[in-house]
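Examination of the molecular architecture
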Amino acid sequence: GRRRCREKETSRTETKHVGRGRTRKRKREEQAMKITVVWARSGKEAVPGGLEVKDGGTVDDLMVAMETKSREGKMATRRKVKLHPERQRFSLPPEQGKKRGEPLKNGKKLSDYGIKTGSVLCFKDLGPQIGYATVFFWEYFGPLAVYPIFYFLQEYIYSQWTPEVTKHPAQTYALVYWSIHYAKRILETFFVHQFSHGTMPIFNLFKNCTYYWGFAAFVSYFINHPLYTPVSPLKMYLGFGLGALCQVSNLYCHLILASLRAKGSKEYLIPRGFLFNICTCANYTAEIYGWLGFNIATQSVAGYLFMFAGAYQMTLWAIAKHKRLRRLYDGKDGREKYPKRFIVIPPFI
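Computed from a predicted model, the values in this text were never measured in an experiment.

Here we look at the side chain of T280
- Mapping T280 onto the fold places it in the loop between α7 (233–258) and α8 (282–298).
- Given a relative accessible area of 0%, T280 falls into the buried group.
- In this structure the side chain of T280 is engaged in a polar contact, spanning 2.7 Å, whose partner is the side chain of Y338.
- Sequence-distant contacts of T280, that is, excluding residues within four places in its chain, are made with P271, H322, L325, Y338, R341, F342 and I343.

As for the packing of aromatic side chains
- Enumeration over the complete set of coordinates arrives at 39 aromatic pairs.
- Measuring from centroid to centroid gives 5.3 Å for Y211 and F215, while their planes differ by 75°, and the two rings are edge-to-face. Of this pair, Y211 and F215 both sit in helix α6 (residues 203–223), separated by 4 residues, roughly a single helical turn.
- Relative accessible area serves as the criterion here: at 28%, Y211 is assigned to the partly exposed category.

Comments concerning the side chain of T58
- Here T58 lies in the loop between β2 (51–53) and α2 (59–71).
- T58 gets classed as buried once you look at its relative accessible area, which sits at 18%.
- Filtering out sequence-adjacent residues up to four positions away, T58 remains in contact with G107, K108, K109 and L110.

Rules of the game
- Residues take numbers from 1 onward in each chain, read along the sequence in its written order.
- Given that this is a predicted model, residues contribute local features only at a pLDDT of at least 70 and side-chain atom pairs are listed and counted only at 80 or more, while totals for whole chains, interfaces and linings are drawn from all residues.
- Hydrogens and waters are ignored; side-chain quantities use all the structure's heavy atoms.
- Strands here mean DSSP runs of E at least two residues long; helices mean DSSP runs of H or I at least four residues long; both are numbered from the N terminus.
- Here the term buried applies to any residue with accessible area under 20% of the maximum for its type, exposed to any over 50%, and partly exposed to those in between, with areas from a 1.4 Å probe on protein chains only.
- Identification of polar contacts relies on pairs of N or O atoms within 3.5 Å, with a donor-acceptor requirement for protein atoms, meaning one able to donate a hydrogen and the other able to accept it, and with residues adjacent in sequence counted only if both atoms are side-chain atoms.
- Here, residues are in contact when the closest pair of their heavy atoms is within 4.5 Å.
- The aromatic pairing rule takes the rings of Phe, Tyr and Trp, using the six-membered ring of Trp, and pairs them if the centres are within 6.5 Å, calling planes under 30 degrees apart stacked, those over 60 edge-to-face and the rest tilted.

Pasting the structure below:
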């Protein structure tokens, strides 16, 4: 009789636990937010029925839910793709008069953006991704390998070459400068730089390599040509002296930027010290003036075109960064006010 009583009590206890478990599950389901997701470009629904994310969830939870839907094939698209978090970008619907809405940042709570049940988010598939360090290595390895070909194999490349042709010191110093610059960049990629994003679209690998490898061949072809006419020794030494100084300054600027953030942090902070007290993007400043020194010493149209192309792109990046820092540090509500500085090319910009 006692045994039967114990069995009945055990059965009742188990029934209670099961009942409580179901109740908790229902509560969790009730607490889940249902968010409508539309394609950023077309505005059409991207996930039929929307995404469910727990109340108080983060942007990372949203991305995991999106990845799960894509793996299950529940996306409104003919192509079956696995949307890893690295290739996802969510943003708020654009405000009136604007083309894009505010992008959602990893780690932030959805409530920080005012997102709740019934909210609509725009989604963009960023496509296949590749690591920043991988792209940087290959785009810098190319110039390091391509440039010396025209220096060491003149007799096989140029029809104007004769045994009497001798290499000018400017050509040799240019090879050394070029090689040190790109070797430095590769070492910085692996040992100095901290990337705010882990990946980029794989298309950038081909685009960046085309730019760097192509310009390396273009510049090297003319500087190492048998008919190349060097500048005066004074101009050459002044140019390479300026370039060397800027290379060291560029490295020091990168070390300052690397020490700016705590490991894993993606916060935008005001860089200080050295050339950063003058320019927002002092690392670009040193880079641009370094190539100016190289071109003073070598005097080639190809070299100047390479410098202007790079300076143009770096100026665009610098202007965007300067605007972002001024917006974040506007001096309101107790926030620090961003100091007055040149953007990238003093005394002009």
